[in-house]
Amino acid sequence: MSDDHTRVQEFFGARAADWDRRFPDDGPAYAAAVGGLGLRAGDRVLDAGCGTGRALPPLREAVGPTGVVVGVDLTPAMLTAAGQAGRGRDGHLVLADVAGLPLRSAVLDAVFAAGLVAHLPRPQENLRELARVVRPGGTLALFHPIGRAALAARQGRRITPQDLRAEANLRPLLRGSGWLMTSYADEDARFLALAVREP
């Protein structure tokens, strides 16, 4: 994905209003993936590239009323759709780029990122920025509600050996960005890689 934010915003902006209707059955998969983060009441969590905020309700449920949930996205129309869906009640919606988050270092317990990796212009730097805002020992979930093969078939393409989400590519990418991968699942019904922030 290019560094040209206008192109990213145009792509997702044109799809924002219908995004949730296109994928109406993803809620349980999001909730299950959030469960993998091991969040506790009072934790602080970021939904990076939150889109229409489908992860915000289960994130709020996991951290409870004393926790902090922040959803960051680059596309204004996606955040508007999240607000219209009432998801602003579950977390703070912030227009920002994950390449330069408006957060202090080590303030979060976890990051949830659905469908984000493929859209990062500089994956190692961008994942390092996510690591910057998470405390040592905090967690990261890289998620997609369907696996790589199912997604490629839906998009009419083939998986290439360069796919960043392949375990052989993702594990060293995360390691070089301050994360240690702890589990990896690439199944038809989900993609979920979990990692821990290294000291």
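About the cut-offs
Residues numbered from 1 in each chain as written. Predicted model: local features only at pLDDT ≥ 70, side-chain atom pairs only at ≥ 80, totals over all residues. Heavy atoms only, no water. Buried < 20%, exposed > 50% of the residue type's maximum accessible area, 1.4 Å probe, protein only. Helix = DSSP H or I, 4+ residues; strand = E, 2+ residues; numbered from the N terminus. Pairing = 2+ DSSP bridges. Right-handed = clockwise from strand over helix to strand, strands pointing away. Salt bridge = Lys/Arg side-chain N within 4 Å of Asp/Glu carboxyl O. Axes fitted to C-alpha atoms, helices over the stretch in contact; angles between N-to-C directions. Contact = heavy atoms within 4.5 Å.

S.K.: So what's going on with the pairing of strand E2 (residues 68-73)? Residues and values would help.
M.R.: Across the six residues of E2, five count as buried, placing the element largely inside the fold. Of the strand pairs in this sheet, strand E1 (residues 44-48) and E2 are connected by five bridges, and their pairing is parallel. If you follow Val 45 over to E2, its bridge partner there is Val 69. Following the chain from E1 across helix H4 (residues 56-63) to the adjacent parallel E2, one finds a crossover that is right-handed. With four bridges connecting them, E2 and strand E3 (residues 92-95) associate as parallel partners.

S.K.: Would you mind going over the pattern of salt bridges in detail, with residue names and values included?
M.R.: For the structure on display, the rule yields 11 salt bridges. Between Asp 186 and Arg 148 there is a salt bridge whose closest N-O contact spans 2.7 Å. Linking Asp 186 in strand E6 (residues 179-187) with Arg 148 in helix H7 (residues 148-155), this pair joins segments that are 38 residues apart in sequence. On the accessibility criterion, Asp 186 (29% relative accessible area) is partly exposed. Ionic pairing is found between Glu 167 and Arg 171, a salt bridge with its closest N-O pair at 2.7 Å. Here Arg 171 and Glu 167 lie together in helix H8 (residues 167-175), a separation of four residues that amounts to about one turn.

S.K.: How would you sum up the environment of Ala 149? Please name residues and give values.
M.R.: As for its position among the elements, Ala 149 is in helix H7. Each C-alpha atom of the pair Ala 149 and Asp 186 lies 8.5 Å from the other, and the pair is 37 residues apart in sequence.

S.K.: Please set out the sheet that holds strand E5 (residues 134-144) residue by residue, giving values where relevant.
M.R.: Taking strand neighbours across the sheet as the criterion, the seven strands line up as E3-E2-E1-E4-E5-E7-E6 in an open arrangement whose pairing is mixed. Two strands in the sheet have a free side with no partner beyond their single neighbour: E3 and E6. Pairwise comparison of adjacent strand axes, ignoring direction, gives a mean angle of 15° for this sheet. Here E5 pairs with strand E7 (residues 190-197) via six bridges, running antiparallel. The partner of Phe 143 across the bridge, within E7, is Leu 192. Packed onto the sheet, helix H5 (residues 76-84) meets E2 and E3 and runs at close to 165° relative to E3. Along the sheet face, H8 touches E5, E6 and E7 and points at about 160° away from the line of E6.

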